[in-house]
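# Chains, contacts and geometry: an overview
So you can see what is in the structure, the chains are spelled out below.
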Amino acid sequence: DAAPDSAFRDGGSVAVPTTIATIDSINTTLPAGDNLVFAFIQFDNTGGADITITANNLQLRRGPRATDKLIAANEFDTFVPANNIGGDGMFAYLIGNDTGAPANANYSIRAAASATGVNAEVKFLVLHGVPRFFFNDSNSSSDSTTETSIVNANTTFIAGTNVIIAVVQTKGIG
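Residues numbered from 1 in each chain as written. Predicted model: local features only at pLDDT ≥ 70, side-chain atom pairs only at ≥ 80, totals over all residues. Heavy atoms only, no water.

Within the open sheet, the four strands sit side by side as β3-β10-β6-β7. Their pairing is antiparallel. Two strands close off the open sheet at either side, each with one partner strand: β3 (21-27) and β7 (69-73). With direction set aside, neighbouring strand axes in the sheet form an average angle of 25 degrees. (Pairing = 2+ DSSP bridges. Helix = DSSP H or I, 4+ residues; strand = E, 2+ residues; numbered from the N terminus. Axes fitted to C-alpha atoms, helices over the stretch in contact; angles between N-to-C directions.)

Going residue by residue along strand β11 (residues 118-128), you find Val118, Ala120, Val122, Phe124, Val126 and His128 tucked away on one face and Asn119, Glu121, Lys123, Leu125 and Leu127 left uncovered on the opposite face. Alignment of strand β1 (residues 5-10) against β11, held across six bridges, turns out to be antiparallel. Within β11, the position partnered with phenylalanine 8 by the bridge is leucine 125. In this structure, strand β4 (residues 33-45) lies alongside β11, joined through eleven bridges in antiparallel fashion. The partner of phenylalanine 38 across the bridge, within β11, is leucine 125. (Buried < 20%, exposed > 50% of the residue type's maximum accessible area, 1.4 Å probe, protein only.)

On the surface, a cluster of nonpolar side chains totalling about 290 Å² of accessible area is made up of Phe40, Phe91 and Tyr93. You can call phenylalanine 91 partly exposed: its relative accessible area is 48%. (Patch = residues over 30% accessible without salt bridge, like charges linked within 9 Å, V, L, I, M, F, W, Y side chains within 5 Å. Areas by Shrake-Rupley, 256 points an atom, 1.4 Å probe, with all protein chains shown as cover. Salt bridge = Lys/Arg side-chain N within 4 Å of Asp/Glu carboxyl O.)

All right, on to the nonpolar core then. Ile41, Phe43, Leu58, Leu60, Tyr107 and Ile109 are the most contacted members of the largest nonpolar core, which totals 29 residues. Contributing elements (two or more residues each) for this core: β3, β4, β5 (51-53), β6 (58-62), β7, β9 (91-101), β10 (106-111) and β11. Top element by residues in this core is β11. It accounts for five residues. (Core = buried A, V, L, I, M, F, W, Y, C linked by side-chain atoms within 4.5 Å.)

What follows is about the pattern of salt bridges. Under the counting rule described, the total for this entry stands at six salt bridges. For arginine 65, the salt bridge identified is with aspartate 68, shortest N-O distance 3.1 Å. Of the residues examined, aspartate 68 reaches a relative accessible area of 12% and is grouped as buried. Residue aspartate 98 is joined to lysine 69 by a salt bridge in which the shortest nitrogen-to-oxygen separation is 3.0 Å. One end of the pair, aspartate 98, is in strand β9; the other, lysine 69, is in strand β7, and 29 residues separate them in sequence.

Evaluation of the coordinates by the stated rule reveals three aromatic pairs. With a centroid separation of 6.4 Å and 10 degrees between ring planes, the pair formed by phenylalanine 38 and phenylalanine 40 is classed as stacked. Exposure remark for phenylalanine 38: the relative accessible area of 8% places this residue in the buried category. Using a relative accessible area of 31% as the deciding quantity, one classes phenylalanine 40 as partly exposed. Ring centres of phenylalanine 91 and tyrosine 93 lie 5.3 Å apart, and the angle between their planes is 55 degrees; on these two criteria the pair is classed as tilted. The exposure class assigned to tyrosine 93 is partly exposed, which follows from its relative accessible area of 38%. (Phe/Tyr/Trp six-rings, centres within 6.5 Å; stacked < 30°, edge-to-face > 60°.)

Let us look at the environment of alanine 111. Inspection of the secondary structure puts alanine 111 in strand β10. Looking at alanine 111, the relative accessible area reads 0%, which means it is buried. Separated by 55 residues in the primary sequence, alanine 111 and asparagine 56 place their C-alpha atoms 8.6 Å from one another. Every residue in contact with alanine 111, bar those within four places of it in the chain, is listed here: Val16, Pro17, Thr19, Ile20, Ala21, Ile23, Asn57 and Leu58. (Contact = heavy atoms within 4.5 Å.)

Turning to the side chain of asparagine 45, a few remarks are in order. Mapped onto the fold, asparagine 45 is located in strand β4. With relative accessibility at 0%, the residue asparagine 45 sits in the buried group. At 2.8 Å, the side chain of asparagine 45 forms a polar contact with the backbone nitrogen of glycine 47. At 3.2 Å, the side chain of asparagine 45 and the backbone oxygen of proline 81 are in polar contact. (Polar contact = N/O pair within 3.5 Å; in protein donor to acceptor, adjacent residues only side chain to side chain.)

Below, the structure is given as structure tokens:
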């Protein structure tokens, strides 16, 4: 199999607004087809109070507008602790499978925070032409005191070297 095409962007630090807007984007030169899109977002709270990125207020979209195709979003609130408190410098991952993307697709991260004082830096990785992959965006699962399977990956991959990437968003209760 041929190696997949890719696009990468290492964004700079930008302020996260209090109304949802684009905070970073990547313009690719990839051909039309299916793209695996990874966005890694680092948050830094510069203030003295905790700030929240409410559920669905961190979005990966194909294009910069609110009406563009939603690829992935945070399912639960993301808490960014106050400056110099344990956990300051939180991060989030958004991963999506963009089927039928046009040539030269643009991807953006749109975000809104509950208050001013949060900065974010986004890193994008877009892979096109991955010959075999399994992608599953599972439903929410309740906590349990026993082992719980969230996703089963039954694949037809050939024997050899395989890469597994799993991202889990958790929500603390209580």
